[in-house]
Amino acid sequence: AVSVLTPGSTIGCLMNVWFKDWIGIQPELNLNFKQTVLSWESNSGKMQSFGVEVPIYIIGRIKVFGSHHIQVGLGPYTEFSCYASWMIDGRKVDLLEIHENGEPMIQDTQTGIGATLGYEFGDVLSINIAYKLCCFNILQPNTSQGVALYPQSISFGLAHKFRKR
């Protein structure tokens, strides 16, 4: 299977819990819409999915100047798919629907590793970039015929802080 990432969208919330001024954890809860162009055997079409994503990063940060910081994080994530479809030749295939073999075409959960890099503008605003890679094949063994699909995503974020530390 070959896929090409296309833009999607995510909205969510996060919380920084600092153990020291330089290290903490950052759990997040995100709703996301993803789409990709997926080619598998002779079929090609747009795959769309909607889900809930829960990453938990171990965050380190370095003070740059004043109250500005650079943050770096690494940790696991799990995504729960609520909807996934693949549009092939004008026909929409529900990838989470149970098929003749008793299984959906893809797993309804993804688990993997994520990394984030961010910059805090004082106590009000921050920006970040995140990369997530699923560590497991989400195609069901009975439907994949030896093909593997390991989803990945890149996101850019803008966050407003509602409370000072």
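Residues numbered from 1 in each chain as written. Predicted model: local features only at pLDDT ≥ 70, side-chain atom pairs only at ≥ 80, totals over all residues. Heavy atoms only, no water.

Here we come to the pattern of salt bridges. Under the criterion given, the structure shown has 6 salt bridges. Two residues, Glu53 and Lys132, come together in a salt bridge whose shortest N-O distance is 3.4 Å. You can see Glu53 sitting in strand β4 (residues 43-65) and its partner Lys132 sitting in strand β8 (residues 125-134), a full 79 residues away along the chain. Residue Glu53 shares its accessibility class with Lys132, and that shared class is buried. One continuous salt-bridge network, built from bridges that share partners, spans Asp21, Arg61, Glu120 and Lys161. (Salt bridge = Lys/Arg side-chain N within 4 Å of Asp/Glu carboxyl O. Helix = DSSP H or I, 4+ residues; strand = E, 2+ residues; numbered from the N terminus. Buried < 20%, exposed > 50% of the residue type's maximum accessible area, 1.4 Å probe, protein only.)

It is characteristic of soluble globular proteins that their nonpolar side chains tend to be buried jointly. One finds Trp40, Met47, Trp86, Leu95, Ile106 and Leu139 to be the most contacted residues of the largest nonpolar core, which totals 16 residues. When contributions to this core are tallied by element, the ones reaching two or more residues are β3 (23-40) and β5 (68-88). Of the residues forming this core, the biggest block, 4 residues, is contributed by β5. Not counting chain neighbours up to four residues away, the residues in contact with Leu95 comprise Met47, Ala84, Ser85, Trp86, Pro104, Met105 and Ile106. (Core = buried A, V, L, I, M, F, W, Y, C linked by side-chain atoms within 4.5 Å. Contact = heavy atoms within 4.5 Å.)

This paragraph deals with the confidence of the model for the chain. Parts of the prediction with low pLDDT should not have their coordinates interpreted in detail. Model confidence for the chain is summarised by a mean pLDDT of 89, while 94% of its residues fall at 70 or above. Across the chain, the secondary-structure element scoring lowest on mean pLDDT is helix α1 (residues 141-144), at 60, and the one scoring highest is strand β7 (residues 109-121), at 96. (pLDDT = per-residue confidence, 0-100.)

The next point concerns the environment of Tyr57. Its place among the elements puts Tyr57 in strand β4. Along the sequence, Tyr57 and Ser9 sit 48 residues apart, while their C-alpha atoms lie 20 Å from each other. Ignoring anything within four residues of it in the chain, the contact list for Tyr57 reads Gly24, Ile25, Gln26, Glu28, Gly73, Leu74, Gly75, Gly114, Ala115, Thr116, Ala130 and Lys132.

Evaluated as defined, the whole model comprises 1 aromatic pair. Pairing Tyr119 with Phe121 gives two aromatic rings, centres 4.8 Å apart and planes at 65°, and the pair type is edge-to-face. Over the face of the ring belonging to Trp18 we find Arg61, whose NZ or CZ atom lies 4.2 Å from the ring centre. (Phe/Tyr/Trp six-rings, centres within 6.5 Å; stacked < 30°, edge-to-face > 60°. Lys NZ or Arg CZ within 6 Å of the ring centre and 35° of its normal.)

Looking now at the environment of Trp40. Counting through the fold element by element, Trp40 comes out in strand β3. Judged by relative accessible area, which is 8%, Trp40 ranks as buried. Linking Trp40 and Ile59, residues 19 residues apart in sequence, is a C-alpha distance of 38 Å.

Along the chain, Thr116 turns up in strand β7. By relative accessible area, Thr116 is classed as buried at 9%. Only 3.3 Å separates the side chain of Thr116 from the backbone oxygen of Ile129, close enough to count as a polar contact. Ignoring sequence-local partners within four residues, the contact set of Thr116 consists of Tyr57, Ile59, Gln71, Val72, Gly73, Asn128, Ile129 and Ala130. (Polar contact = N/O pair within 3.5 Å; in protein donor to acceptor, adjacent residues only side chain to side chain.)

The pairing of β5 with β7 spans 12 bridges and is antiparallel. Note on β7: the bridge partner recorded for Val72 is Leu117. Alignment of β7 against β8, held across 10 bridges, turns out to be antiparallel. Considered in β8, the bridge of Ile113 is made with Leu133. Hairpin remark: β7 followed by β8, antiparallel, with 3 residues in the connecting loop; positive phi at Gly122, about 65°. (Pairing = 2+ DSSP bridges.)

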